[in-house]
Amino acid sequence: MGAGSFGASLAWWLARAGHDVTIVDQFAPGDPRATSGGESRLIRCGHGEDVDYTASARRAWSLWAELEAESGAELVVRCGLVWFAHRKDGWESASYHTLGALGIPVEWLSAEDTARLYPSFAGDDLTGALLEPEAGVVRAALAVQTLVERAGAHGARLERAVARPAGRAVALDDGRRLEADVVVWACGAWLGGLFPALVKLATTRQDLYFFGGGPSWEIGRVPAWVDYDAAMYGTGDLDGLGAKAATDAEGPPLAADAALPAADPANERRTRDYLARRFPALASAPLVGSKTCRYELSPDSHFIAAEHPEHPGVWLMGGGSGHGFKHGPALGEQFAAALDGAELPERFALRERVPGRSLRTAGSNPGRAI
């Protein structure tokens, strides 16, 4: 249930292994109302000192390439990604050592070196920067659509319907009841509402802004970037949409079924204030567009992947927490192995979770109550 990054990746993996797969989603794959919708996501391996997530992101990188080769679609732009370091012992330094230990290409840059990568840059507040030269941006909606299309090419069926749990079965809004050896609920922001006794997720509204920086800001000419401590991130201009910049600070609550509202002008001002400090020439660029999306956040930023305690064969999968898209194919592979008896990490279990450090930026609020 669910054709987002997690569900579509699992369906692709299982279908090409020869399993009989049905995908159910109320929307078409890549719909902007889902947490896997939208034009782009960052693809990077840096996860601080966390070895497992770092390795997972690297494995997913290889699987995205496999999907590209299988489909012929151009999904990933390998433009590099730069993390801006405010401290010598921060997230970036931890990521540098973890990436190096795993043999993943990484470079440490001075602020002066970093300035050469962008048409306009101010780094006097930085101690340096971490460059992942093989990181980049994935075309998110297209990637999800491609996963579903390739799953279909391997025999999977796609059903458009609203689904509800019915014990070990699935009740659809058209009156049908689906049964299977295994049922996986990978339904993003809706997971907590369907299983409130087992899953605690916060769903928030996040604002995105796109600026007209001109040809020098095209994504092939500049790396993507993340400022972990300032909770900001962005990309160059992908497919003529404008240079993207957004705060990663958690936005206000937004129910899973609520319509996506317009972006908040106050957040545009905050974004421009950051651009004035970091990319001065971009701060006054015209606004090409703005939009909102959803995050589905677990308290500790770790994913959810576990079997239902009362219904054998029913599994829950979600909690992308703003950094899950890049792991989709790798988590699908890992989850498929669990269906054959392999162990999943304990931190993915259905358990009481303690709010902790975010695995995307410092934008999370560890004290939030959900």
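**Here we look at the sheet that holds strand 11 (residues 177-178)**
If you walk across this open sheet you meet the three strands as 9-10-11, and the pairing is antiparallel. For this open sheet the edge positions go to strand 9 (163-166) and strand 11, each flanked by a neighbour on one side alone. The sheet contact formed by strand 9 and strand 10 (residues 169-172) spans four bridges and is antiparallel. By the bridge assignment for strand 10, Ala-163 is matched with Leu-172.

**Details of the sheet that holds strand 18 (residues 304-307)**
The three strands are arranged 12-19-18 in an open sheet whose pairing can be described as mixed. Every interior strand has two partners, whereas the edge strands, strand 12 (183-185) and strand 18, have only one. Averaged over all neighbouring strand pairs, the angle between strand axes comes to 15°, with direction disregarded. Examined bridge by bridge, strand 12 and strand 19 (residues 314-318) share three bridges and lie parallel to one another. Looking across to strand 19, one finds that Trp-185 is bridged to Leu-316. This element, helix 9 (residues 328-339), spans strand 12, strand 18 and strand 19 of the sheet and lies at about 165° to strand 19.

**Points about the pairing of strand 14 (residues 224-227)**
Successive side chains on a regular strand alternate, one facing one side of the sheet and the next facing the other. Of the two faces of strand 14, the one holding Ala-224 and Val-226 and the one holding Trp-225 and Asp-227 are both buried throughout. Here strand 4 (residues 81-85) runs beside strand 14; their pairing, made up of three bridges, is parallel. Residue pairing in the sheet places Trp-83 in a bridge with Val-226 of strand 14. Here strand 14 runs beside strand 15 (residues 232-237); their pairing, made up of three bridges, is antiparallel.

**A closer look at the pattern of salt bridges**
Within this structure, the stated rule accounts for 27 salt bridges. Close ionic contact of Arg-16 with Glu-66 constitutes a salt bridge, the shortest N to O distance being 3.0 Å. Here Arg-16 is found in helix 1 (residues 5-16), whereas its partner Glu-66 is found in helix 2 (residues 51-71), with 50 residues between them in sequence. On the basis of relative accessible area, Arg-16 is assigned to the partly exposed category, the value being 29%. Here the salt bridges do not stand alone but share partners, grouping Arg-16, Glu-66, Glu-70, Glu-149 and Arg-150 into one network.

**Considering the state of the cysteines**
Evaluated as defined, the whole model comprises zero disulfides. For the unlinked cysteine Cys-187, the closest cysteine sulfur is that of Cys-293, found at 18 Å. In this structure Cys-293 comes out as buried when scored by relative accessible area, which is 15%.

**Some words on the nonpolar core**
Counting 71 residues, the largest nonpolar core has Ile-23, Trp-64, Leu-75 and Met-317 as the members making the most contacts within it. Considering each element in turn, this core owes the most residues, eight residues, to helix 1. If you look at the next biggest cluster of nonpolar residues, it comprises 23 residues, including Ala-129, Met-232, Ala-243 and Tyr-274.

**Re the confidence of the model for the chain**
Within the chain, residue pLDDT values average 95, and 98% of them lie at 70 or more. Within the model, the stretch residues 365-370 combines pLDDT values under 50 with 14 contacts to residues more than four positions away or in other chains.

**Digging into the packing of helix 2 against helix 5 (residues 140-153)**
Pairs of packed helices are described in terms of their axes, by the angle between the two and the distance that separates them. Two elements in contact, helix 2 and helix 5, have axes whose closest approach is 11 Å; the angle formed by their N-to-C orientations is 65°. Here helix 2 runs over helix 5; the crossing is left-handed. Residues Trp-64, Leu-67, Glu-70 and Ser-71 of helix 2 touch helix 5, and the partners they reach there are Ala-143, Thr-146, Leu-147 and Arg-150. Among the residues making up the contact of helix 2 with helix 5, the classes are represented as four nonpolar, two polar and two charged.

**So, the side chain of Ser-321**
Tracing the sequence through the fold places Ser-321 in the loop between strand 19 and helix 9. Those residues within four positions of Ser-321 in sequence are excluded, and the remaining contacts are Glu-296, Leu-297, Ser-298, Ser-301, His-302 and Arg-360.

About the criteria used
Residue indices follow the written sequence of each chain, beginning from 1 at its first position. Where totals are concerned, whole chains, interfaces and linings use all residues; where local detail is concerned, this predicted model gives features only for residues with pLDDT of at least 70, and gives and counts side-chain atom pairs only at 80 or more. To get the side-chain values, take all heavy atoms of the structure and skip hydrogens and water. When DSSP finds two or more bridges between a pair of strands, those strands are recorded as paired. Helix and strand assignments come from DSSP, with helices taken as H or I runs of at least 4 residues and strands as E runs of at least 2, each series counted from the N terminus. Helix axes use the C-alpha atoms of the stretch in contact, all axes being lines fitted to C-alpha atoms, and the angles between their N-to-C directions lie in the range 0 to 180 degrees. Every residue pair with non-hydrogen atoms within 4.5 Å of one another is taken to be in contact. With a 1.4 Å probe rolled over the protein chains alone, any residue whose accessible area is under 20% of its type maximum counts as buried; one over 50% counts as exposed, and the rest are partly exposed. Throughout this description, the term salt bridge denotes a Lys or Arg side-chain nitrogen within 4 Å of a carboxyl oxygen of Asp or Glu. Cysteine sulfur atoms that pair up within 2.5 Å are treated as a disulfide. Residues grouped as a nonpolar core are buried Ala, Val, Leu, Ile, Met, Phe, Trp, Tyr and Cys residues, joined through side-chain atoms within 4.5 Å. pLDDT measures how confident the predictor is about each residue, on a scale from 0 to 100. A clockwise turn of the near helix away from the far one marks a right-handed crossing, whereas an anticlockwise turn of less than a right angle marks a left-handed crossing. When residue character is reported, Ala, Val, Leu, Ile, Met, Phe, Trp, Tyr, Cys and Pro are called nonpolar, Asp, Glu, Lys and Arg charged, and the others, Gly included, polar.

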